[in-house]
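Descriptive structure summary
Listed below, chain by chain, are the residues.
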Amino acid sequence: MSNAFPKPKEIVGYPDKEESSSFSARRVLVHLPAQVTEIPHREAILKVASMPDNSLLAVGQDGLVSLWSPELKLKKIRSVLEENKQPSRTPKWIADTTLMPQYNKLVIGTCDRELRLYDLSNFGLYFQITGLESMPLQLDYSYKDKDECILLYGDDQGCVNIIVITRVGETLRNWSKSQPVEGIPSVSIEAITEGGAVSYTRWKVHNDWVTKIKYCHSIQSVISSSNDEDTSLVIGTVTGTKNVLQRLKEMSDAGSVKDRPHLQTGSSAPHRLSSDESVFKAYKGVKTFDFSRESNLLVTGGLDRAIRLWNPYIPGWPIGLLQGHNAPVSFLHISTEESRIYSVSTDNNVMVWDMEDQICLASIISRASQIRGELSACYFSEELGAICIATDTLALLQFRHNKTELSNASTSHKRPVLCCRYIKQFQHVISCCEGSVFKVWDLITGAPVFEFSGVQAKAAVTCMTLDISGKRLITGSRDGSVRKWDYSSGQCVSVLRHASNIADEVNSCIQVEIHSNRYIISVGCDRRISIFPDHQDGANGIEDLGSQWLHQEPSPHREEIVSVSLWPPSLLATSSCAGELLVWNLISGNVFTRLGSADTAPLREGTDDLNICSVLFIPSRGPNQKTAASLVASGPGGCIHFWNIFGGGKLFGQFSGSPQKATVVALTLSGDDTLLFAGDRLGFVYIWNIQDYAQNAPETTLPPLLHSWRAHTCNITSVEFIPEWQLLLTSSRDCQLRLWSCQGELIGMFGENEHWDVNEKESWSRELTEELRTASGDLPVQEPASSRPESPTTSNPADGDSGNQLNTCQESTSSTNELAIEEELELYQYNPRVQRVHLKQVEIPQVCGRLMTFHSLHCHELADVHNAIHKPCPAAELNDPYDFSF
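None of these values were measured; they are calculated from a predicted model.

The subject of this paragraph is the environment of Cys378. Take Cys378: it is sitting in strand E30 (residues 377-381). Overall, Cys378 belongs to the buried group, its relative accessible area being 15%. Separated by 17 residues in sequence, Cys378 and Ala395 place their C-alpha atoms 9.6 Å apart. If sequence neighbours within four positions are ignored, Cys378 has contacts with Phe331, Val344, Cys388 and Ile389.

Okay, structure coming up:
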């Protein structure tokens, strides 16, 4: 199968009028055929989801989990169901799965009526919730509020089950310490509400099993669907009722809403009041749907092959009908920015629709895309602009915007910017994006100098550094290659390591000098440290030379290495996504000190993230290396740690890297090592004064936070300090590269039409985007007011080094918009039950070599009944099945 995208083809819809500029803007550019790769899964893939680093996670029905790069190269594979590895045990099957990205967890619902939580760092089993009322066929998760989330699932009885968790971090850790059952920490569904931090609600909503479920925070409602025509799609409340009279009745009966009795095990689930839900009816039911609050649009698709457009507040009839599929519609996605609807049917036909004019813009049949096999899962990635389709293979169908749309976009790159560096000799800035396109900019004015494309084709450049001379560029990419470039000409002058067949992604690379010899060191997904002699241009290095002197069995790093830093002349620090922080001796190749672990560095409240995203040595603390903290690490637990690496290693200081509890992903130091700069995954930048922090002994106080502001709308990928000008350079996955003063003043964005002059403050940009304007401003400053002199201004290098001027930063008077921050984080009762005796399970023979989800539903032997047949009495039932009150 091909792993490279061919030239994009232009596919136009079915115009019934002459070509016009408005119709030309609706053209769809798509790469054909799709990128298709073989998969190691023997059973159907149930779910494909995107990880924070843009990787793709695929979960199979048999518990096999695979992690893929955006280029569809296999990075990691693991089976999370240990029971299936034991031949003597009955195999366990997965019904559905969802991600909890804020807490680094994977949630899996099994056909044995369990919910299991796994750690995304190593896919280790965290705990399980057992004794569910029914099989969790469809799962969903949403971050509701500060340290509060909602986990919900639809079952085979047509019920919607809602678990609202407050104090999430503490609650999950308490559950992980529960009494183990067969070696797995387990908590029963009856016990999850103990302690008051969890509420559990179960509603009878549909007359058939649930085909999809989703919580929409924007309307604070649950949307669920089924194949039943009378209850095709229902939008309803989460808990309680909006009816005032009903609330008063409940309060009078139970004393308060909180004390009302919960549903007991074995009893029928209650219906919502008709005023608490909206019911949409569709022919042959609804198999899939999507909702957009911005467009005020609900789209549904199902077995009748038609796509219906609804106003979510008018359930009586659809506002539009899109017809064109020849098979049942199994996937829908609304792209609000493009005003498009993407749909996929079971015959692998992909169609693109204009949301406003309700016309088909493109129809990509299976023969054109080369996507074949039985459709099992679909996922649309906004960042990649592609649909990932799982069949017997894994396919990525890439879309592109119209060129006229791209030219009007106010961005530095067309794809997310992954790294940037400052070149001191020429006062240039170089950046690289997801598409492996390098751009060189003039720092003084922000004007573009030139650009060139990497020879890695579609493999993105993931890390970049300059050699000691400042004339050569060293890069590592997702395909595992390491290259050296002449940045002034854009030519690749040396290939240190060629691309590998598997995705040994390079996460970080540096150049070091040891005894007058220069070397290039790279680390990545292969968990090894590779070192290459830095030969003259044109001479290739020795591949994986470092693996011979640093490789140990078992490998010291259990997971991929994400960062590396050197303390001259011979100490090297590496960190991994499993919380490991090691210091190596470059001369002997042995581990000098082990620092990072979950035991030595307590996790921050509300998170279980073990990832150590960045490590930095503080070179100026060499004379006091025995008594001072000389190593800074961002993680684990989202905290910034200061370590003394001698005497076995000791933690000298620890503080939260982000008040919003976002992971700090980028660190850098000022020229004199007195300031620490950090960027997090929400786009915030922080500046701390660490001149006297952890210099002589462990600290009990926090370092002064001089400034912090919102620099980007999403994940920051690089933070670079420019000492000559006292400026800060930031790049982000929002496709932008920006220049700031160290007081948080925006100088400008590289790539915008208007240029600036760093010497003239009047030319600096005064405008921020709407997202930054609503959430920008300094956070509360921790430094005492009496210690802050006047604020400095940016100076010319000719005026001398002003590296110490930043210590006189002025406290910002603007306050943080807490509500805006909480909205960003969104993007993302004790229930006594009687013990239930399970009926005898009937074994189901496997059909056609594959066991589908509906084959795994529990079947039970019918009990013997008396010959006398009694007429039923509907009045004796609490919930009359024929009482439909909509």
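Moving on, we get to the sheet that holds strand E23 (residues 297-301). Where strands meet in a sheet, backbone hydrogen bonds hold them as pairs that are either parallel or antiparallel. Strand order in the open sheet formed by four strands is E22-E23-E24-E25, and the pairing between neighbours is antiparallel. In this open sheet, the two strands that pair with only one neighbour each are strand E22 (288-292) and strand E25 (320-323). Taking the axes of each pair of neighbouring strands and ignoring which way they run, one obtains an average angle of 15° across the sheet. As paired strands, E22 and E23 are joined by five bridges and run antiparallel to one another. Bridging across to E23, Asp290 finds its partner in Val299.

With that settled, the discussion passes to the sheet that holds strand E55 (residues 705-710). With antiparallel pairing, the four strands of this open sheet are ordered in space as E52-E53-E54-E55. The outermost strands of the open sheet, each flanked by one partner alone, are strand E52 (664-669) and E55. Adjacent strand axes in the sheet meet at a mean angle of 15°, parallel and antiparallel pairs treated alike. Of the strand pairs in this sheet, strand E53 (residues 675-680) and strand E54 (residues 684-689) are connected by five bridges, and their pairing is antiparallel. Its bridge partner lying in E54, Leu676 is registered against Trp688.

In this section: the nonpolar core. Ile129, Ile163, Leu172, Trp175 and Ile192 are the most contacted members of the largest nonpolar core, which has 26 residues in total. With residues near it in sequence (within four places) discarded, Trp175 still touches Phe127, Ile129, Ile165, Pro185, Val187, Ile192 and Val198.

In this section: unusual backbone geometry. Pro33 follows Leu32 through a cis peptide bond whose omega is -5°. On the secondary structure map, Pro33 appears in the loop between strand E2 (28-31) and strand E3 (35-38). Geometrically, the link from Pro568 to Pro569 is a cis peptide bond, its omega value of 5° lying close to zero. Residue position: Pro569 is located in the loop between strand E44 (561-567) and strand E45 (571-576). The backbone of Arg113 sits at a positive phi, close to 60°, despite the residue not being glycine. Along the polypeptide, Arg113 turns up in the loop between strand E9 (105-110) and strand E10 (114-119). Of note, the phi angle at Gln358 is positive, near 55°, even though the residue is not glycine. With respect to the element layout, Gln358 can be found in the loop between strand E28 (350-354) and strand E29 (360-364).

The buried fraction of helix H2 (residues 168-176) is high, at seven of nine residues. For H2, the complete set of buried residues consists of Val168, Gly169, Thr171, Leu172, Arg173, Trp175 and Ser176.

Per the counting criterion, the structure on display carries 23 aromatic pairs. Here Trp441 and Phe750 contribute two aromatic rings whose centre-to-centre distance is 5.7 Å and whose plane-to-plane angle is 55°, an arrangement assigned as tilted. Taken together, the residues Trp441 in strand E35 (residues 437-442) and Phe750 in the loop between strand E59 (746-749) and helix H7 (770-775) connect sequence positions 309 residues apart. Like Phe750, Trp441 is buried. Arranged with centres 5.1 Å apart and planes meeting at 75°, the rings of Phe750 and Trp756 form a pair that is edge-to-face. Pairwise contacts between aromatic rings join Phe642, Phe655, Phe684, Tyr686, Trp688 and Tyr693 into one cluster. Directly above the aromatic system of Tyr126 lies the positively charged group of Lys105, at a separation of 4.4 Å from the ring centroid. Taking the ring centre of Phe289 as reference, the NZ or CZ of Lys212 above it sits at 5.1 Å.

Summed over the entire model, instances satisfying the criterion amount to 27 salt bridges. Here Arg167 and Glu170 are joined by a salt bridge, their closest N and O atoms 3.6 Å apart. Accessibility expressed as a relative area gives 38% for Arg167, which makes it partly exposed. For Arg478, the salt bridge is made with Glu505, and the minimal N-O distance between the two is 3.8 Å. Placement of Arg478 in the loop between strand E38 (472-477) and strand E39 (482-486) and of Glu505 in the loop between strand E40 (491-497) and strand E41 (506-514) is noted, with a sequence separation of 27 residues between them. Accessibility classification places Arg478 together with Glu505 in one group, the buried group. Members of the salt-bridge network, linked through shared partners, are Glu71, Lys75, Glu383, Glu434, Arg478, Glu505 and Arg733.

When the pLDDT values of the protein chain are averaged, the result is 78; 75% of them are 70 or greater. Low pLDDT, under 50, characterises residues 12-24; the predicted model gives this stretch 12 contacts beyond four residues in sequence or across chains. Low pLDDT (under 50) marks residues 777-816, which in the prediction has 81 contacts with non-local residues, meaning those over four places away or in another chain.

This part takes up the state of the cysteines. This model, assessed by the stated rule, comprises zero disulfides. Looking at Cys432, it has no disulfide partner, and the nearest cysteine sulfur is the one in Cys419, 5.2 Å off. Among the residues examined, Cys432 registers a relative accessible area of 0% and is labelled buried. Unpaired in terms of disulfides, Cys463 finds its nearest cysteine sulfur in Cys509, a separation of 3.6 Å. The exposure class assigned to Cys463 is buried, which follows from its relative accessible area of 5%.

When you tally the buried positions in strand E17 (residues 198-204), you get six out of seven residues, the bulk of the element. As judged from the seven bridges shared by strand E14 (residues 159-166) and E17, these two strands associate in the antiparallel manner. Of the residues in E17, the one forming a bridge with Asn161 is Arg202.

Below, the discussion takes up the environment of Asp290. Mapped onto the elements of the fold, Asp290 is located in strand E22. On the basis of relative accessibility, which here comes to 8%, the residue Asp290 falls in the buried class. What Asp290 contacts, discounting residues up to four positions off in sequence, is Lys214, Leu297, Leu298, Val299, Leu332, His333 and Ile334. Only 2.7 Å separates the side chain of Asp290 from the backbone nitrogen of Ile334, close enough to count as a polar contact.

The rules behind the values
- Residues numbered from 1 in each chain as written.
- Predicted model: local features only at pLDDT ≥ 70, side-chain atom pairs only at ≥ 80, totals over all residues.
- Heavy atoms only, no water.
- Helix = DSSP H or I, 4+ residues; strand = E, 2+ residues; numbered from the N terminus.
- Buried < 20%, exposed > 50% of the residue type's maximum accessible area, 1.4 Å probe, protein only.
- Contact = heavy atoms within 4.5 Å.
- Pairing = 2+ DSSP bridges.
- Axes fitted to C-alpha atoms, helices over the stretch in contact; angles between N-to-C directions.
- Core = buried A, V, L, I, M, F, W, Y, C linked by side-chain atoms within 4.5 Å.
- Phe/Tyr/Trp six-rings, centres within 6.5 Å; stacked < 30°, edge-to-face > 60°.
- Lys NZ or Arg CZ within 6 Å of the ring centre and 35° of its normal.
- Salt bridge = Lys/Arg side-chain N within 4 Å of Asp/Glu carboxyl O.
- pLDDT = per-residue confidence, 0-100.
- Disulfide = S-S within 2.5 Å.
- Polar contact = N/O pair within 3.5 Å; in protein donor to acceptor, adjacent residues only side chain to side chain.

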